Amino acid sequence: MRELTYVARHTVEWREGPDPKLRTDQEAIVTPVAATSCDVDSAILAGHGFVDPPFALGHECVARVVETGDAVTTVTPGDLVVVPWSINCGTCDHCGAGLTAHCTAVPHMAMYGAPIGGSWGGLFSDLVRVPWADAMLVPLPAGLDPVAMASASDNWSLSWRLVAPHLKNKPGARVLVVARGSIGLYVCDIARALGASDVLYVDPDPAHRALAESYGARTAETVEPVRHGFDLAVEATGRVDQLALAVKCLAPEGICESAGNHFRPGELPLLDMYLTGVTLRVARDNVRGHIPDALDLALSGTVDPARVVSHVIDWEQLPDALPEKHLKPVFVRTDG
């Protein structure tokens, strides 16, 4: 089989590898049918990652089940499933507490799309082995388009988690979104659907701002700190100066969720945060537990994640098209 392999800055290529085989009766083999790039993949392709190439890329997809072990009960061959980005067993203490990104049955940070925590391959591969299939795989509900939901493995479900619990706890909260890619746009859509009283989206890209406006958000190319202006801030830029801006805009006891991958150091306004009582979370997400709720929201018809999909591209075009600058390209297998 082929794995799409990151080999150098702005360069990926198909490389041949052995077909994955079931190693236990709890596993599944899947073939991605609609896969997309995460916002962090753009940083990796630009050379800002912290793992040297080569390695198999990709950690967001909807896949079709090809084969299952005898102990797998939740999916069968032919089913369409969401494959979460992190490897998790579902039964260790961390998984039981919802900390699926910190599963103790595998090395720390085990994931698809980067060789940290072991080599698990990437979801831009022709075939993928899924350990603990019952714990990991989430059936795609009938009526949801695999192309629209290709990001449910990470960015779509992460975006749900960034805002939905907070809006449940504080209905009508004012939401600031400081972003550069798909996560911020998903957040705008979800925040509006779940009743945010105000959504301000900050991004220098005019096309991104236009899409955010179509979701009902106010937009700005840049913004100065708005004292006590927002109850919730979501930062998804990977830039510490933008994270600092976000926390400076929070109301007392406000919450900032940082979904940016901060590969570069910087300074935060810690005294301001202390005086305001800010809660800041900077984390890669325990996405598996949120996927069902995020899919249910998509199924409700009150959101439209398909509008964030910027391009639908044939699977065979991955080596040429992935390094190009697209907001949210989805690569589809015509034989899937």
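The coordinates are above.
Residues numbered from 1 in each chain as written. Predicted model: local features only at pLDDT ≥ 70, side-chain atom pairs only at ≥ 80, totals over all residues. Heavy atoms only, no water.

### As for the packing of helix α4 (residues 155-169) against helix α5 (residues 182-193)
Thinking step 1. Their axes nearest at 9 Å, the elements α4 and α5 cross at an angle of 40 degrees. In this view, α4 runs oblique relative to α5, as classed from their interaxial angle. For α4 against α5, the interelement crossing comes out right-handed. Across the interface between the two elements, N155, W156, L158, S159, W160, L162, V163 and L167 of α4 pack against S182, I183, Y186, V187, I190 and A191 of α5.
Thinking step 2. Residue composition of the contact of α4 with α5, grouped by class: 11 nonpolar, three polar and no charged. (Axes fitted to C-alpha atoms, helices over the stretch in contact; angles between N-to-C directions. Helix = DSSP H or I, 4+ residues; strand = E, 2+ residues; numbered from the N terminus. Parallel < 35°, antiparallel > 145°, perpendicular 65-115°, else oblique. Left-handed = near helix turned anticlockwise from the far one by under 90°. Contact = heavy atoms within 4.5 Å. Nonpolar A, V, L, I, M, F, W, Y, C, P; charged D, E, K, R; others polar.)

### Concerning the packing of aromatic side chains
Thinking step 1. The tally for this structure, following the rule as stated, stands at five aromatic pairs.
Thinking step 2. With 6.0 Å between their ring centres and 85 degrees between their planes, F124 and F331 make a pair best called edge-to-face. Of this pair, F124 sits in the loop between α2 (93-96) and β7 (128-130) while F331 sits in strand β16 (residues 329-332), and the two are 207 residues apart along the sequence. Both residues of the pair, F124 and F331, belong to the buried class. (Phe/Tyr/Trp six-rings, centres within 6.5 Å; stacked < 30°, edge-to-face > 60°. Buried < 20%, exposed > 50% of the residue type's maximum accessible area, 1.4 Å probe, protein only.)

### With respect to the layout of surface pockets
Thinking step 1. Space inside the largest pocket adds up to approximately 970 Å³.
Thinking step 2. Lining the largest pocket are 35 residues; nearest its centre among them are D39, S42, A43, R180 and K325.
Thinking step 3. With six residues, the single largest contributor to the lining of the largest pocket is helix α1 (residues 39-45).
Thinking step 4. Partitioning the lining of the largest pocket into residue classes produces 14 nonpolar, 12 polar and nine charged.
Thinking step 5. The space that makes up the second largest pocket amounts to roughly 620 Å³.
Thinking step 6. Forming the walls of the second largest pocket are 33 residues, and the residues nearest its centre are V40, F50, M111, N261 and F263.
Thinking step 7. Breaking the lining of the second largest pocket down by element, the ones donating at least two residues are α1 and α4. (1 Å grid on protein atoms, 1.4 Å probe; cavity = no way out; pocket = protein on both sides within 12 Å on 5 of 7 lines; lining within 4 Å. Points joined across faces, edges and corners; volume = space filled by probe spheres on them.)

### Observations regarding the sheet that holds strand β2 (residues 11-16)
Thinking step 1. Across the sheet, which stays open at both edges, the three strands sit in the order β2-β1-β4 with antiparallel pairing between neighbours. Each edge of the open sheet is held by one strand with a lone partner, namely β2 and β4 (55-56).
Thinking step 2. Looking at chain direction, strand β1 (residues 2-8) and β2 are connected through six bridges and run antiparallel. In the sheet register, Y6 faces β2, and the bridge partner there is V12. (Pairing = 2+ DSSP bridges.)

### Thoughts on the sheet that holds strand β12 (residues 230-236)
Thinking step 1. One open sheet accounts for six strands, arranged β11-β10-β9-β12-β13-β14; its pairing is parallel. For this open sheet the edge positions go to β11 (218-220) and β14 (279-282), each flanked by a neighbour on one side alone. Averaged over all adjacent pairs, the angle separating strand axes in this sheet is 15 degrees, with direction ignored.
Thinking step 2. Sheet topology note: the strand β9 (residues 174-179)/strand β10 (residues 198-202) ladder contains five bridges and is parallel.

### A closer look at the pattern of salt bridges
Thinking step 1. Applying the stated criterion across every chain, the model contains 14 salt bridges.
Thinking step 2. Between K328 and E60 there is a salt bridge, and its shortest N-O distance comes to 2.9 Å. Here the residue K328 occupies a position in the loop between α10 (318-321) and β16, and E60 occupies one in the loop between β4 and β5 (61-68), the gap between them amounting to 268 residues. Take K328 and E60: they sit in the same class, and that class is buried.
Thinking step 3. Residue E257 is joined to R161 by a salt bridge in which the shortest nitrogen-to-oxygen separation is 2.7 Å. Note that E257 is positioned in strand β13 (residues 250-258) and R161 in helix α4, a separation of 96 residues in sequence.
Thinking step 4. The structure contains a network of salt bridges with shared partners spanning R2, D126, E316 and R333. (Salt bridge = Lys/Arg side-chain N within 4 Å of Asp/Glu carboxyl O.)

### Points about the pairing of β5
Two faces belong to every sheet, and in a regular strand the side chains alternate between them.
Thinking step 1. Relative to β5, strand β3 (residues 28-36) is paired through seven bridges, and the arrangement is antiparallel. Along β5, the bridge assignment pairs A34 with V62.
Thinking step 2. For β5 and strand β6 (residues 80-82), the ladder comprises three bridges, and the chain directions are antiparallel. Its bridge partner lying in β6, R64 is registered against L80.

### Concerning the environment of A236
Thinking step 1. With respect to the helices and strands, the residue A236 is situated in strand β12.
Thinking step 2. Remark: the alpha-carbon pair of A236 and V178, spanning 58 residues in sequence, is separated by 6.2 Å.
Thinking step 3. Those residues in contact with A236 that sit more than four places away from it in its chain are V178, A179, R180, I183, A259 and G260.

### A look at helix α9 (residues 291-300)
Because each turn of an α-helix spans 3.6 residues, side chains separated by three or four positions end up pointing in the same direction.
Thinking step 1. For α9, the full list of buried residues reads I291, A294, L295, L297 and A298. One face of α9 carries all of its buried residues, which in axial projection span an arc of 155 degrees.
Thinking step 2. G301 lies just past α9 and shows a positive phi near 85 degrees. (Arc of directions from axis to C-beta.)

### So, a nonpolar patch on the surface
Thinking step 1. On the surface, a nonpolar cluster with roughly 410 Å² of combined accessible area is contributed by L271, Y274 and L275.
Thinking step 2. Structurally, L275 is set in helix α8 (residues 270-276).
Thinking step 3. On the basis of relative accessibility, which here comes to 62%, the residue L275 falls in the exposed class. (Patch = residues over 30% accessible without salt bridge, like charges linked within 9 Å, V, L, I, M, F, W, Y side chains within 5 Å. Areas by Shrake-Rupley, 256 points an atom, 1.4 Å probe, with all protein chains shown as cover.)

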